[in-house]
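Summary of the model geometry
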Amino acid sequence: MQKKWWMTTNIYQIYLRSFNDSNNDGIGDLLGVAEKLSYLKSIGIETIWISPHYDSPMDDNGYDVRDFYSVSSDYGDIKSFKQLIEKARELDMKVLVDLVLNHTSDEHEWFKIAKDPTHPLHHKYHDYYIWQKGKRDADGLMIRPTRWISWFGGPTWDYNEATDEYYLHIFSKKMPDLNWRNEDMKNDMKKIIKYWIDLGIDGFRVDAANHLEKNWDFPDGLPGYENFSSLPKHHEYIKELALELFEPYNLLTLGESGGATKEEVRKYVGFNSHEFNLLIHFGHCWADTGYTEPAITGKWSKTELRVTDIKKSYDHQYQVVGNEGFNLIYWHNHDQPRVVSHYGNTEKYWEKSAKMLAMTLYFMPGTAIVYQGEEIGMTNVLYDDISDFRDVEVFTEYNNMLNNGATKEKALQAIVDRSRDNARTPMQWNSSINGGFSKAEPWIKTNYNYKTINVENQEYDENSILNTYRFILKHRIADAKNIVFGKIEFINIDDNESYCYINKGKDKDYLLIANFRDYEIEISLKDVSLRGFEYFYGDRVSLKETMNLKPYEAILYRRNKA
Ligand code: GLC
Ligand code: CA
């Protein structure tokens, strides 16, 4: 395998709006990020990925881009963008930006022209988007072209009176989908990509990558996802960008694609397939979804945690990728609840479970992404009013739940457990007002627990969650040849309480044993050769064939290869 710089870097995902506010207007910004780069470097981070920084009306916090060539005034300007890049260079750090290819904002110039038949350039830009005429129902009334459901809950089609057509949007109605079959649009996108490359970025996280192609026969379907997800042609678009831009400029690309099949995973990240470098997959993110309330479905539903699902999802990725590509590990991002609330325990075992989660994940092979605030064990929000939420998705889905017969309490509970806003509250830096994020009232309420959970509180405590992350993140790079490039074998993969594996490296093996439950468990290691393993990190328990682990206990052993 040819080694690349991005295999031995730890990535940190920054949700710009909520990371650090440098000018005290309540919104995180680019200079705020620059101020904190040395903190990130100090915990073992060498690469940052920032969420969309482009000009946007912020219907979906920047994933709705109004102008790809300018920086949102919420976040700064082109000068502050350059300053961030410079600061990163000084610290020998890399910067990835989000690249939104699937849609624009409905306020983007292209869409404004596309929907206006009187505009002289209408014809050209109309075809940058996806349009269909309405249908007639039995009573002759006009209805939408299909019943497809958007990822944010409502219909995927909205009406444009001026052209008497519907436009397609698989996310919010303010995010019309682009037509990737249009060569002019594609070329305009390439220019945009080149523009940011020239400004010195080191790579892209490619948003919603598997949705670029649509089924142009527009068959009806409910919800109809198969007509706008993972259609074969989207690989061609990615490959074209990879060959012309991503690879010649030696960029790191993280492609976002849920539910990829084996063949697809290999296409995305195969060293010889020229698409992405790393794949953001989601199998491990929803190991506790499940039907409990008829009105609360899909990712909003919640049942017992299936630890086996987490292990099996990662195991599957490792097997599928094999030696033909490289793996990516992460707990969660800005679209999922906080991992300590989700898979850990925020009551009696907050600190213990957060450290256990860090140990289980970050001794596995692959490139790692840490999500902002994860390193201090930030938790889900505990809002008791729907109006505290900010995410565009929340309101449609909340109403859907009520319309389907959920009680207000149950619907609110589902939102509290699952909402993307859980991961989007301001970063908790210290115990001063708003957790030190901003002196002004933040755009979204700070988590009530900022006085106890914050960076400053944990900085000088050798055993804090923060210092656990610091040790692990640095160590995984220092011993990359054995950890990052290791080969993992899960132990007792069908066991629903424990998380155990051996990561076999070049000259050392690591054995990790962890308890995912809030009660004591027994683990049998009788089928594992334990010879040579010595205690290395975590709770100090000596290694035996049968281990009794306390709630959320995690231990790491290591051995030198003979
Ligand atoms: C991706 C992003 C998500 C966004 C969506 C639409 O899934 O991670 O935050 O809402 O794409 O751009
Ligand atoms: Ca600001």
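Throughout what follows, the structure given in this document is the object of discussion.

Here is what the cut-offs are and how they apply
- Residues numbered from 1 in each chain as written.
- Chains lettered and ligands numbered in written order.
- Predicted model: local features only at pLDDT ≥ 70, side-chain atom pairs only at ≥ 80, totals over all residues.
- Heavy atoms only, no water.
- Helix = DSSP H or I, 4+ residues; strand = E, 2+ residues; numbered from the N terminus.
- Rg over C-alpha atoms; globule rule 2.2 N^0.38 Å.
- Buried < 20%, exposed > 50% of the residue type's maximum accessible area, 1.4 Å probe, protein only.
- Contact = heavy atoms within 4.5 Å.
- Areas by Shrake-Rupley, 256 points an atom, 1.4 Å probe, with all protein chains shown as cover.
- Lys, Arg positive; Asp, Glu negative; His and termini not counted.
- Charge placed at Lys NZ, Arg CZ, Asp CG, Glu CD.
- Pairing = 2+ DSSP bridges.
- Phe/Tyr/Trp six-rings, centres within 6.5 Å; stacked < 30°, edge-to-face > 60°.
- Lys NZ or Arg CZ within 6 Å of the ring centre and 35° of its normal.
- Polar contact = N/O pair within 3.5 Å; in protein donor to acceptor, adjacent residues only side chain to side chain.

Some thoughts on the overall build of the protein
Scanning the protein for helices and strands turns up 14 helices and 22 strands. For 562 residues, the compact-globule estimate of 2.2 N^0.38 gives 24 Å, and the C-alpha radius of gyration of the protein, at 24 Å, lies within 12% of that figure. Across its three principal axes, the protein shows a C-alpha extent of roughly 75 × 55 × 50 Å. Within the protein, the proportion of its 562 residues that are buried is 61%. Residue pairs in contact within the protein that sit at least 24 positions apart in sequence constitute 69% of those at least 6 positions apart. Total accessible area computed for the protein in this model is approximately 22200 Å², and 47% of it derives from carbon and sulfur atoms. Averaged over its 68 positive side-chain charges, the protein has a centre that lies 5 Å from the centre of its 86 negative ones.

Structural notes on the pairing of strand 19 (residues 521–524)
Residues Ile 521 and Ile 523 of strand 19 are buried on one face, while the alternating residues Glu 522 and Ser 524, pointing to the opposite face, are not. Here four bridges tie strand 19 to strand 21 (residues 546–549), and the two strands are oriented antiparallel to one another. In the strand pairing of strand 21, Glu 522 is matched with Asn 548.

Some thoughts on the packing of aromatic side chains
Tallied over the full model, the rule gives 43 aromatic pairs. Between Trp 6 and Phe 326 the ring centres are 6.1 Å apart and the planes differ by 75°, which places this aromatic pair in the edge-to-face class. Within this pair, whereas Trp 6 is found in the segment before strand 1 (10–14), its partner Phe 326 is found in the loop between helix 8 (307–321) and strand 14 (328–330), the two being separated by 320 residues in sequence. Here Trp 6 falls in the buried class, since its relative accessible area comes to 4%. When the centroid spacing of 5.8 Å and the interplanar angle of 75° are considered together, the rings of Phe 490 and Tyr 499 count as edge-to-face. Residue classification places Tyr 499 among the buried positions, given a relative accessible area of 0%. Three or more aromatic residues joined by ring pairs form one cluster here, namely Tyr 54, Phe 68, Tyr 69, Phe 81, Trp 110, Tyr 125, Tyr 128, Tyr 195 and Trp 196. The ring of Phe 485 has Lys 3 lying over it, and the distance from NZ or CZ to the ring centre is 4.4 Å.

Section: the side chain of Ser 301
Within the element layout of this structure, Ser 301 appears in the loop between strand 13 (278–280) and helix 8. At 2.8 Å, the side chain of Ser 301 forms a polar contact with the backbone oxygen of Gly 298. Ignoring sequence-local partners within four residues, the contact set of Ser 301 consists of Asp 288, Thr 289, Gly 290, Tyr 291, Ile 296 and Arg 418.

Read these as spatial facts, not as claims about activity.
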